[in-house]
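Here are the chains, one letter per residue:
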Amino acid sequence: MNLEESSPEKNKKINIAIDGYSSCGKGTLAKQLAQHLGYIFIDSGSMYRAVTLFILDQEIDPQDEAAVEARLSDIDIRFDLNGDSGRFEVVLNGVSVESRIRDLRVSSQVSYIAKISAVRRKLVEIQQKIGFNKGVVMDGRDIGTVVYPNAELKIFMTASSEVRADRRYAELKQAGQNVTWQEIYDNLVSRDSIDSNREDSPLTMASDYRVLDNSNLSREEQFALAMTWVSAALNEIG
Ligand code: CDP
C-alpha cells in the first residue's frame, strides 16, 4: 500500500449541496461529481415530484393544503439503486416512478405541493437520514440552507431563463413529449417565482454558496470549476 492510499484524508467524505433555479443543470453537475467521487447522487426534486404524482393520481387538488396533508401518511418515498443506470431512482409506494414524474402535468403542479410545510418536513427528514454518513451530492432548492446547513460545499447554479428553457425543451422532445418551447419557458418562470417567494424554505442564495452561472459553460468546464471547489473543501477538512 502506498502512502496516498493509506492516507486518512483519502477516506474523508463531504456532503455537497447544489441549489438553484429550475432546469439549470443541477442534476447534470451533481451526477458528474458523484460519479467522479464515488458518492451517492440524490435528486431531491424527484421526491416532490413523486408526491405530486400521487396527489394528482388521487384526483386531489394540489393547492388544497388540508387535503394533501391528510394523505401524507399514505405516501412512502424511498430510493432504489437502478442496476442499469447506477442511479438511485425514486420509488413511490413500492413502484419506480422516474419515467412519470418529469412531464408537464407534474411540473405544472409540483411547486404548489412544495409550498406545504408538512410535505417539506416529511421529505427533509428522509434527505437528512440519507446524508448522515456524508458522501452525498444532493440537488434541490433548500439543500444548503435547510437540509444540510453544514454541507462542506454549497453551490448555487444559475443560467439565463432562455438557455434553461432551450435545455429542458430539448430534453422533453428527446423523451418524445408533445410540448412547446413557450409552455416550458412559462412553467420554469412560474416555478422559479413560487419557489423563491414561498414562506417555508424559499430558494435563496446565502453568502456561503459558490455561484456557478453556466449560461456559457460546457459540461466539462462546469465540472472542472466545481472540482476546484471540491478539492478546496476536502483540503479544509483534511
Ligand atoms: O429539475 P427541475 O429544475 O425542473 O426541478 P426539480 O429539481 O425536479 O424540482 C421540482 C420542484 O420541486 C421545484 O420547482 C420545487 O418546487 C420543488 N423542490 C423543492 O421545493 N425543494 C427541493 N429541495 C427540490 C425541489
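See the structure printed just above.
How each quantity is defined
Residues numbered from 1 in each chain as written. Predicted model: local features only at pLDDT ≥ 70, side-chain atom pairs only at ≥ 80, totals over all residues. Heavy atoms only, no water. Near = heavy atom within 4 Å. Polar contact = N/O pair within 3.5 Å; in protein donor to acceptor, adjacent residues only side chain to side chain. Areas by Shrake-Rupley, 256 points an atom, 1.4 Å probe, with all protein chains shown as cover. Helix = DSSP H or I, 4+ residues; strand = E, 2+ residues; numbered from the N terminus. Buried < 20%, exposed > 50% of the residue type's maximum accessible area, 1.4 Å probe, protein only. Contact = heavy atoms within 4.5 Å. Lys, Arg positive; Asp, Glu negative; His and termini not counted. Salt bridge = Lys/Arg side-chain N within 4 Å of Asp/Glu carboxyl O. Phe/Tyr/Trp six-rings, centres within 6.5 Å; stacked < 30°, edge-to-face > 60°. Core = buried A, V, L, I, M, F, W, Y, C linked by side-chain atoms within 4.5 Å. Axes fitted to C-alpha atoms, helices over the stretch in contact; angles between N-to-C directions. Parallel < 35°, antiparallel > 145°, perpendicular 65-115°, else oblique. Left-handed = near helix turned anticlockwise from the far one by under 90°. Nonpolar A, V, L, I, M, F, W, Y, C, P; charged D, E, K, R; others polar. Pairing = 2+ DSSP bridges.

A. View of the site of the ligand. Around the ligand, the structure places 19 residues, and the nearest of them are Ser 23, Arg 49, Asp 142, Asp 195 and Arg 198. In the environment of the ligand, an oxygen atom lies 2.8 Å from a nitrogen or oxygen atom belonging to the side chain of Arg 198. If the ligand stood free it would expose 530 Å²; the protein chains cover 97% of that surface. When residues of the shell around the ligand are traced back to their parent elements, those giving at least two are helix H3 (44-57), helix H6 (110-113) and helix H10 (181-197). Take the shell around the ligand: its biggest share by element is four residues, from H3.

B. Examining the environment of Leu 81 more closely. Position of Leu 81 among the secondary structure elements: in strand S3 (residues 77-82). In this structure Leu 81 comes out as exposed when scored by relative accessible area, which is 53%. For the pair formed by Leu 81 and Lys 154, sequence separation is 73 residues and the distance between their alpha carbons is 25 Å. Contact partners of Leu 81, with chain neighbours within four places excluded, come to Gly 86, Arg 87 and Phe 88.

C. Spatial organisation of unusual backbone geometry. Backbone geometry places Ser 23, a non-glycine residue, at a positive phi of 55°. Within the secondary structure, Ser 23 sits in the loop between strand S1 (16-20) and helix H2 (26-37). Among the residues examined, Ser 23 registers a relative accessible area of 8% and is labelled buried. Even without being glycine, Asn 93 reaches a positive phi, approximately 45°.

D. The arrangement of the side chain of Arg 191 in detail. Mapping Arg 191 onto the fold places it in helix H10. Buried and unpaired, Arg 191 has Asp 195 as its nearest opposite-charge partner, separated by 5.1 Å. Beyond its immediate sequence surroundings of up to four residues, Arg 191 is in contact with Ser 22, Ser 23, Arg 49, Ser 107, Val 110, Ser 111, Arg 141 and Arg 168.

E. Geometry of the packing of aromatic side chains. By the definition in use, this model includes three aromatic pairs. Ring geometry for Phe 156 versus Tyr 209: centroids 5.8 Å apart, planes at 90°, classification edge-to-face. Of this pair, Phe 156 sits in strand S7 (residues 153-158) while Tyr 209 is found in the loop between H10 and strand S8 (210-213), placing the two residues 53 residues apart along the sequence. Judged on exposure class, the residue Phe 156 and its partner Tyr 209 are both buried. Here Trp 181 and Tyr 185 contribute two aromatic rings whose centre-to-centre distance is 5.1 Å and whose plane-to-plane angle is 15°, an arrangement assigned as stacked. Here Trp 181 pairs with Tyr 185, and both are found in helix H10, just four residues apart, close to one helical turn. Exposure remark for Trp 181: the relative accessible area of 28% places this residue in the partly exposed category. Members of the aromatic cluster, joined through ring pairs, are Tyr 21, Phe 156 and Tyr 209.

F. Fine view of the nonpolar core. Judged by nonpolar contacts, the single largest core of 35 residues is most densely connected at Val 51, Ile 77, Leu 92 and Val 119. Put simply, the parts of the chain that give this core at least two residues each are H3, S3, strand S4 (87-92), H6, helix H7 (117-130), strand S6 (136-140) and helix H8 (143-147). The biggest single contributor to this core is H3, with eight residues. Those residues in contact with Val 119 that lie beyond four places of it in its chain are Tyr 48, Val 51, Val 68, Leu 72 and Ile 113. Grouped together as the second largest cluster of nonpolar side chains are 21 residues, Ile 18, Tyr 39, Met 227 and Ala 233 included.

G. View of the packing of helix H9 (residues 161-174) against H10. Relative to each other, H9 and H10 sit at 125°, their axes nearing to 9 Å. Considering the angle they form, H9 stands oblique to H10. You can see that H9 and H10 cross each other, and the crossing is right-handed. Packed against H9, whose contacting residues are Ser 161, Glu 162, Arg 164, Ala 165, Asp 166, Arg 168, Tyr 169 and Leu 172, the element H10 presents Trp 181, Ile 184, Tyr 185, Leu 188, Arg 191 and Asp 192 at the interface. In terms of residue class, the contact of H9 with H10 is made up of seven nonpolar, one polar and six charged.

H. Representation of the sheet that holds strand S5 (residues 95-96) within the structure. If you walk across this open sheet you meet the three strands as S3-S4-S5, and the pairing is antiparallel. Only two strands of the sheet have a single partner each, and these edge strands are S3 and S5. Two strands pair when backbone bridges link them, and S3 and S4 are joined in this way by six bridges, in the antiparallel orientation. Bridged to Asn 82 within S4 is Arg 87.

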